[in-house]
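# Chain and residue survey
So the chains spell out like this:
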Amino acid sequence: MVVAGNLCFSCWTNISPIYPAMSKTKATSRLLVNYPEPYRSEILDYLFKPNFGASLHILKVEIGGDGQTTDGTEPSHMHYALDENYFRGYEWWLMKEAKKRNPNITLIGLPWSFPGWLGKGFNWPYVNLQLTAYYIVTWIVGSKHYHDLDIDYIGIWNERAFDINYIKVLRRMLNHQGLQHVKIIASDNLWEPISASMLLDPELLKVIDVIGAHYPGTLTVKDARLTKKKLWSSEDFSTVNGDMGAGCWGRILNQNYVNGYMTSTIAWNLVASYYQQLPYGRCGLMTAQEPWSGHYVVEAPIWVSAHTTQFTQPGWYYLKTVGHLERGGSYVALTDGLGNLTVIVETMSYKHSKCIRPLLPYFNVSHQFATFDLKGSFSQIQELQVWYTKLGKPSERFLFKQLDSLWLLDSGGSFTLELQEDELFTLTTLTSGRKGSFPPPPKSQRFPSVYEDNFNIDYPFFSEAPNFADQTGVFEYYVNMEDPGDHRFTLRQVLNQRPITWAADAFNTISVIGDYSWSNLTIKCDVYIETPEKGGVFIAGRVNKGGILIRSARGIFFWIFANGTYRVTGDLAGWIIYSLGHADVTAKKWYTLTLTLNGRFSSGKLNGKTLWKNISVNFPENGWAAIGTHSFEFAQFDNFHVEASH
């Protein structure tokens, strides 16, 4: 046993104010919006309500750019050059819900992809610097004008190249629009080359307010520190949200500052509200992937966050005395400068705190005693509240439990903690901590085996139909003025140009829906090709991939084309052809497609008449249902219906 002697808390560094823990979303809150009440509000409370759950200090959102960004696409506010719509997608709704609960929450916007028209034929957002800056500024101005949201920070291009001149143009345009308060964070990638570029360019150094790095492994670099700018881990975590993810999160929340002087750590992602079989399933602070049942799970990372977020605020300062414990683990201490003190101690073990990246070098944590001495003005503190988490075996597990207070009256400001591995302690003068709770949500259920949507909504609250998860392209509710009859309200694929991509988007558009375990099913949907001669649409079953892997998706795809042909393929790209032939199809006319999959056999109908049957399909055995188009083209879908068995 060891006494880690005299960890003395008296001096605090006048460093940049902190934003200790926050979260970001990018196509990962897709299923959250159609949760029924009261469960949707409960989930939002666990994330954003102060002194309740994760009590997040910052929300970082994707500026939708129409492209695939890991688990889906998010619509842009400007699909086309003369198009502006500030009610697409769900990010503005999410920011408003966060602000409703915590008016002081800080908002950050960052683009992943960009609409294709900005590239003028190139897959590159820096072809016209003024145009791209204008596009980003319109998003900031629109957020304020239509939603009364003040964006606090803006990023450049997620995990991709930055352009020095673009950053300067963006700053000038922000200032010109009276947005001096909007700060720039760069480059949401690695510490270099942005840090060296800033040291070599005084104007660049001046216009960038924060250096943000992704998955820094708690370490920074000398150049970044020499800039004297705030250093943030602007994307981190992305680890499955069981005990390993909670241990990862607890360790880096402390050690990103202890080792790397980072005063903010942002978790990707906020809430796992996307189909679990998409990439990085359940890598959110909590899980809410069943809007059809209302079921959700408040995972351990929510309560690990609370150890920091409920007892600090942006604007607090780290004390000079932070560091590693003698037998593993770390401690930080923070103050508001007004006499309040919060100490956070973590002893996460190597075995139970590996993040998904980067590789974690081996370290050892063992049983120890740590003695803390409060000096200076802190020596007057008489009582500290104690909050405790223990990860690991279910029998020993505690999450954010309030223990008896520590009384320091007779100890001269000294106290000793006995520490085991995989523990978190918060000791604080603040008495406002709370472990919020609601009655248990409904039990988990599978996606309904019979599901239909006729898209007949006059004034939809969200632009996208519930449960459809766009993987390439954007599918939106549409009012078809040309058809006052059965197809007045439809779902329309609205991109006519490939976006400036962040990932390997497919060359076809596709939106998936349903239960990944579906095997035997019948999918029926009315379809409308808008592009003469070259246009084409499909319905599909057993689609086995999505997200950044969408281009290589397999399944059974039933296509019809405006040139009067049909195809049946075993993949989205169309390389594996099971059948092809003539079909009585043309553009600008509604057709009903039916795809039936039963064991190893498949068949298809056009307007209720069999077009092909008994085609053998061995792979994949299961997957989502899907709709989509042959290329980036306008097309409409209506009366979607699926009946499935597993």
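Structure: see above.
Calculation notes
- Residues numbered from 1 in each chain as written.
- Predicted model: local features only at pLDDT ≥ 70, side-chain atom pairs only at ≥ 80, totals over all residues.
- Heavy atoms only, no water.
- Helix = DSSP H or I, 4+ residues; strand = E, 2+ residues; numbered from the N terminus.
- Rg over C-alpha atoms; globule rule 2.2 N^0.38 Å.
- Buried < 20%, exposed > 50% of the residue type's maximum accessible area, 1.4 Å probe, protein only.
- Contact = heavy atoms within 4.5 Å.
- Lys, Arg positive; Asp, Glu negative; His and termini not counted.
- Charge placed at Lys NZ, Arg CZ, Asp CG, Glu CD.
- Salt bridge = Lys/Arg side-chain N within 4 Å of Asp/Glu carboxyl O.
- Disulfide = S-S within 2.5 Å.
- Pairing = 2+ DSSP bridges.
- Axes fitted to C-alpha atoms, helices over the stretch in contact; angles between N-to-C directions.
- Phe/Tyr/Trp six-rings, centres within 6.5 Å; stacked < 30°, edge-to-face > 60°.
- Lys NZ or Arg CZ within 6 Å of the ring centre and 35° of its normal.
- Parallel < 35°, antiparallel > 145°, perpendicular 65-115°, else oblique.
- Left-handed = near helix turned anticlockwise from the far one by under 90°.

### Concerning the overall build of the protein
Across its full length, the protein holds nine helices and 35 strands. Its C-alpha atoms give the protein a radius of gyration of 27 Å, within 12% of the compact-globule value 26 Å for 646 residues. Its C-alpha atoms put the protein at 90 × 55 × 40 Å along the principal axes. Going through the 646 residues of the protein one by one, you find that 61% of them count as buried. Considering only contacts in the protein between residues 6 or more positions apart, those separated by 24 or more positions represent 72%. Each charge class in the protein can be summarised by its mean position, and for the 56 positive and 59 negative side chains these summaries are 3 Å apart.

### So, helix α2 (residues 91–101)
Most of α2 is tucked away, with eight of its 11 residues classed as buried. Within α2, burial applies to Glu91, Trp92, Trp93, Leu94, Met95, Glu97, Ala98 and Arg101.

### Examining the pattern of salt bridges
For the structure on display, the rule yields 17 salt bridges. The shortest N-O distance in the salt bridge between Glu37 and Arg40 comes to 3.4 Å. The class for Arg40 is buried, based on a relative accessible area of 14%. Connected through shared salt-bridge partners, Asp45, Glu97, Lys100 and Arg101 make up one network.

### Some words on the environment of Pro448
In this fold, Pro448 is placed in the loop between β20 (423–428) and β21 (450–453). The exposure class of Pro448 is partly exposed, given its relative accessible area of 29%. With 299 residues separating them along the chain, Pro448 and Leu149 place their C-alpha atoms 37 Å apart. Not counting residues up to four positions away in its chain, the partners in contact with Pro448 are Trp292 and Trp518.

### Section: the state of the cysteines
Tallied over the full model, the rule gives one disulfide. Considering cysteine sulfurs only, Cys248 is the nearest to Cys283, which forms no disulfide, with 9.7 Å between them.

### Overview of the sheet that holds strand β25 (residues 509–513)
Across the sheet, which stays open at both edges, the seven strands sit in the order β22-β25-β34-β27-β28-β29-β30 with antiparallel pairing between neighbours. Strand pairing shows two members of the sheet lacking a second neighbour, β22 (469–472) and β30 (577–582), which therefore form its edges. Taken pair by pair, the neighbouring strands of this sheet meet at an average axis angle of 20 degrees, ignoring direction. Alignment of β25 against strand β34 (residues 624–629), held across five bridges, turns out to be antiparallel. Along β34, the bridge assignment pairs Ile510 with Gly628.

### Comments concerning the packing of aromatic side chains
Evaluation of the coordinates by the stated rule reveals 49 aromatic pairs. Considering the side-chain rings of Tyr153 and Trp232, the 5.0 Å spacing of their centres and the 55 degrees angle between planes classify their relative orientation as tilted. Taken together, the residues span a long stretch of sequence, with Tyr153 in strand β5 (residues 153–154) and Trp232 in strand β8 (residues 230–237) at a distance of 79 residues. No difference in accessibility class separates Tyr153 from Trp232, as the two residues are buried. Put simply, the rings of Tyr46, Phe52, Tyr296, Trp303, Phe311, Trp387, Phe400 and Phe438 touch in pairs and so form one group of aromatic residues. Across the ring face of Phe634, the terminal group of Arg492 is positioned such that the distance to the ring centre comes to 4.3 Å.

### Some details on the packing of helix α1 (residues 39–48) against α2
Direction vectors running N to C along α1 and α2 enclose 65 degrees, while the axes themselves pass 10 Å from each other. Of the possible angle classes, the one that applies to α1 and α2 is roughly perpendicular. Remark: the crossing between α1 and α2 carries right-handed chirality. The segment α1 lies against α2, with Arg40, Ser41, Leu44, Asp45 and Phe48 engaging Trp93, Leu94, Glu97, Ala98 and Arg101.

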